[in-house]
Every structure is written in structure tokens, then in C-alpha cells.
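Fold and contact review
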Amino acid sequence: MYVILLQITDYNNACDIIAAGCQTEWNELEGVLLALLVHLKASDQARIQGHPIFDPIGTNDGIRSGLTAVGGWRTALPIPPQFDFLGTDVDFGKNGLIVEAQFSNYPFLLNNTIRSELFFKAHLNLSGVPTLATVILTKGHMFPASNSTLYYEQARDQLNSLATNNVFDSPIRLVGLFAPRTGTMPVTWTEYAATRYSRTVRTRVTRQCTVGAGRNASSRCRLTLA
């Protein structure tokens, strides 16, 4: 039984383009995402210090390990110098499908969208063949998280508005990582060398976590480690 649940919104015929050109790559990515456990860490924010929140670093590590095990996936794909004003690299890619793990602050979604548009229209070869489509990975709002970090519902609202006004033409698949809103589930719990900004893992273990429903279907859940 999977812990991770996926919600998906496609833009600019992404469903058809992925099916025609990189369905195998999407199937591999989907399998890796579904095989993940939810990654959590302790918050360092005032009033909720020590409480479990979504762990973007651990989640990225889990996706990277899973794709590496599948084979053929490239990580940290360098952006060519003529386009490096939009960043240094793309998170993952294979055979025309590029993947951006967007678990950081919400303004970065616009950067991902614009540079995906540029890579698509420039027929840029980042992952073996020219870019066909972009997958943007986000977390569901249900997870407690650091302040101002992007969540799927927010990203969907932004991209819906941009798409309605024809701001971008590139095929984009927006993916949200969710979990059951009630019950107990295994999670990956990571303690880092420092409470803020550290990527150095001190311990990473599997623990049980109880998920308590929030006030309504759109509110954040309460997470309690066993």
C-alpha cells in the first residue's frame, strides 16, 4: 500500500505530449514518487520548534536515489551559459522530460515556469533529446512546512491564471505529493547537523507518524511522531 498519493494537473497538452514522447520516463518517475515515504524533520520556527514538518532536502534525496536506481536519469543537469541567468541546473531529466522539485519559496515557481518555456522553445537538449515537457513537483498543503514554501494548491492557482492568460505555451505537468489525511503511516525522519540550512544528515530513520485531520479538507494536518 502506497503512502504517497499524487495529484496532477496538466497544461498545454502535457498529457498527450508525455504519452507520445516520454511515457516510459513518466512511468519511472511516478514509480519512484509512489515508492517514497513522507520525509519529515523538526521545525526550528518559533512556537512550533521540534514539531514535525515537511523535509524538502530529504524528499529530494529520496527522489534522487530512486531515479538513480532506475538508471538513465541525469541529476543536476547544467544549464548552458547563455541561459544561466535563470539558474545553474535543472534537478532531473531523461530523454526530453525534465523535472523540477519545487519545495522552496513560492516565488521560485515563476522562475521554473519561465525557464521551462525557454528550454522548450529553444529546443534545448538537457537530457538526451530536446526538451519535450516539464514536470514540477510540489507538496500538498496538508503538510506542515516552513514559512512561505510553495504547495500544490497554490502552484495550481498560479499556473491556472498564467495559462488562462496565455503566458506560457510549454507542456507542464504539475504534481502534488499528498498522503492520507488520517491514520498512522511510516515516515522518514531526518535529524540534521544544524537546525537551519544544514544538508548534513546526522540520523535518518523510519518512524511511525499519526496524521490528524485539520479543521477542514483544505487545512494542514496535525502530525505526531510515535
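What comes next is a walk through the structure. (Residues numbered from 1 in each chain as written. Predicted model: local features only at pLDDT ≥ 70, side-chain atom pairs only at ≥ 80, totals over all residues. Heavy atoms only, no water.)

Right, let's get into the pairing of strand β9 (residues 183-192). Strand direction decides the pairing type here: strand β2 (residues 38-42) and β9, joined by 3 bridges, are parallel. Note that in β9 the partner of L40 across the bridge is W189. Examined bridge by bridge, β9 and strand β10 (residues 201-212) share 10 bridges and lie antiparallel to one another. Looking across to β10, one finds that T188 is bridged to T206. (Pairing = 2+ DSSP bridges. Helix = DSSP H or I, 4+ residues; strand = E, 2+ residues; numbered from the N terminus.)

At their nearest, the axes of helix α1 (residues 14-21) and helix α2 (residues 23-35) sit 5 Å apart, and the two run at 105° to each other. By the angle between their directions, the pair α1 and α2 is classed as roughly perpendicular. Here I18, A19 and G21 of α1 lie close against α2, whose contacting residues are Q23, E25 and W26. Considered class by class, the residues forming the contact of α1 with α2 number 3 nonpolar, 2 polar and 1 charged. (Axes fitted to C-alpha atoms, helices over the stretch in contact; angles between N-to-C directions. Parallel < 35°, antiparallel > 145°, perpendicular 65-115°, else oblique. Contact = heavy atoms within 4.5 Å. Nonpolar A, V, L, I, M, F, W, Y, C, P; charged D, E, K, R; others polar.)

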